[in-house]
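The chain contents come next:
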Amino acid sequence: EPVIDNKTLDLHYNVHYRNYTDKLNKLLKEVNYSYKYTPEYLAQNIDIIPLNERDEILFNLGGYLNHSLYFYNLTDKKKKIPDGMLDLINKYFGSFSIFKEEFINMAKEVKGSGYTFLVLDKNNKLRIINTSNQDTPYYYGFTPIMTIDVWEHAYYLKYTYDRGKYLENIFSIIDFDKVYKLYLDNVKINS
Ligand code: MN
């Protein structure tokens, strides 16, 4: 509060996120999945999963991963953006305000339900991308380090049709310490 109301966050975390997580576990159990890989690895190597089970698992795995990142990268504390993160944003987007504008404009373009992400590409370059429904950037060869959920369930109770206002406000509580940490961790993994 006041960026996002308690009821929305409660339903989003305890019902939506929980449902994806529970459904994913149920589906993985049905295919005798061994849990030897991380969810991120599984998302990048989905051929491990039998073809006829894949659609349902991809949807719920994406739902689990995307919501995990969304809740992880929000904060209730006012924080300074780390210098290293600012340097990266300046390098790839020109300035923080340009980055913010591009990110929010991309998020306004999501058709129907989906997400906007800041991702690393294969060469560890930063890009902003959208995905539909519960697709995660891992399915397209990207590593997500920041996201905003633009499904209507993420904002409709408080903002109704005003997605732009939701985006402007939710952007102000993104925790760039965590975004930068994910950047550093993943650059290490990818190189
Ligand atoms: Mn959601």
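Report follows, based on the coordinates. (Residues numbered from 1 in each chain as written. Predicted model: local features only at pLDDT ≥ 70, side-chain atom pairs only at ≥ 80, totals over all residues. Heavy atoms only, no water.)

Attention shifts here to the packing of helix α5 (residues 96–108) against helix α7 (residues 163–171). Here α5 crosses α7 at 140°, and the two axes come no closer than 10 Å. In terms of axis orientation, α5 runs oblique to α7. Seen from above, α5 lies across α7 with right-handed handedness. In contact with F96, F99, K100, F103, I104, A107 and K108 of α5, α7 contributes R163, G164, L167, E168 and F171. (Axes fitted to C-alpha atoms, helices over the stretch in contact; angles between N-to-C directions. Helix = DSSP H or I, 4+ residues; strand = E, 2+ residues; numbered from the N terminus. Parallel < 35°, antiparallel > 145°, perpendicular 65-115°, else oblique. Left-handed = near helix turned anticlockwise from the far one by under 90°. Contact = heavy atoms within 4.5 Å.)

Moving on to the layout of surface pockets. Taken as a whole, the largest pocket encloses approximately 500 Å³ of empty space. Around the largest pocket, the lining is made up of 22 residues, and of these E40, Y138, T143, P144 and N186 lie nearest the centre. Considering only residue class, the lining of the largest pocket consists of 11 nonpolar, 8 polar and 3 charged. Its boundaries defined by the atoms lining it, the second largest pocket holds a volume of some 300 Å³. When the residues that make up the lining of the second largest pocket are grouped by side-chain class, the tally is 8 nonpolar, 2 polar and 2 charged. (1 Å grid on protein atoms, 1.4 Å probe; cavity = no way out; pocket = protein on both sides within 12 Å on 5 of 7 lines; lining within 4 Å. Points joined across faces, edges and corners; volume = space filled by probe spheres on them. Nonpolar A, V, L, I, M, F, W, Y, C, P; charged D, E, K, R; others polar.)

Our focus in this paragraph is the pairing of strand β2 (residues 126–132). Bridge count for strand β1 (residues 114–120) against β2 is 7 bridges, and the pairing is antiparallel. Directly across from G114, in β2, lies its bridge partner S132. (Pairing = 2+ DSSP bridges.)

Protein-derived coordination of the manganese ion comes from H12 (NE2), H67 (NE2), D149 (OD) and H153 (NE2), at a distance range of 2.0 to 2.2 Å. Along the chain, the residues that donate to the manganese ion are spaced as H-x54-H-x81-D-x3-H. Here H12, found in helix α1 (residues 6–30), pairs with H153, found in the loop between β3 (143–149) and α6 (156–159); they are 141 residues apart in sequence, far enough to count as distant. For H12, a relative accessible area of 1% gives the class buried. (Donors = N, O, S within 2.8 Å, 3.2 Å for Na, K, Ca; no water. Buried < 20%, exposed > 50% of the residue type's maximum accessible area, 1.4 Å probe, protein only.)

Right, let's talk about the pattern of salt bridges for a bit. Scanning all chains against the criterion turns up 9 salt bridges. One salt bridge connects K77 with D76, and the closest N-O pair in it is separated by 3.2 Å. Taking the shortest distance from any N to any O, the salt bridge between D185 and K181 comes out at 3.0 Å. Residue D185 and its partner K181 are both found in helix α8 (residues 176–190); the two are separated by 4 residues, about one turn of the helix. (Salt bridge = Lys/Arg side-chain N within 4 Å of Asp/Glu carboxyl O.)

This next bit is on the pairing of β3. Among the 7 residues in β3, 7 count as buried, and that is most of the element. Pairing of β1 with β3, which is carried by 6 bridges, proceeds in the antiparallel orientation. Residue pairing for β3: F117 is matched across the bridge by T147.

Moving on to the environment of E168. Residue position: E168 is located in helix α7. In the structure, E168 is positioned 158 residues away from D10 in sequence and 21 Å away in space, judged by C-alpha atoms. Excluding its chain neighbours within four sequence positions, the residues that come into contact with E168 are K100 and I104. Side-chain polar atoms of E168 contact the side chain of K100, separated by 2.8 Å. (Polar contact = N/O pair within 3.5 Å; in protein donor to acceptor, adjacent residues only side chain to side chain.)

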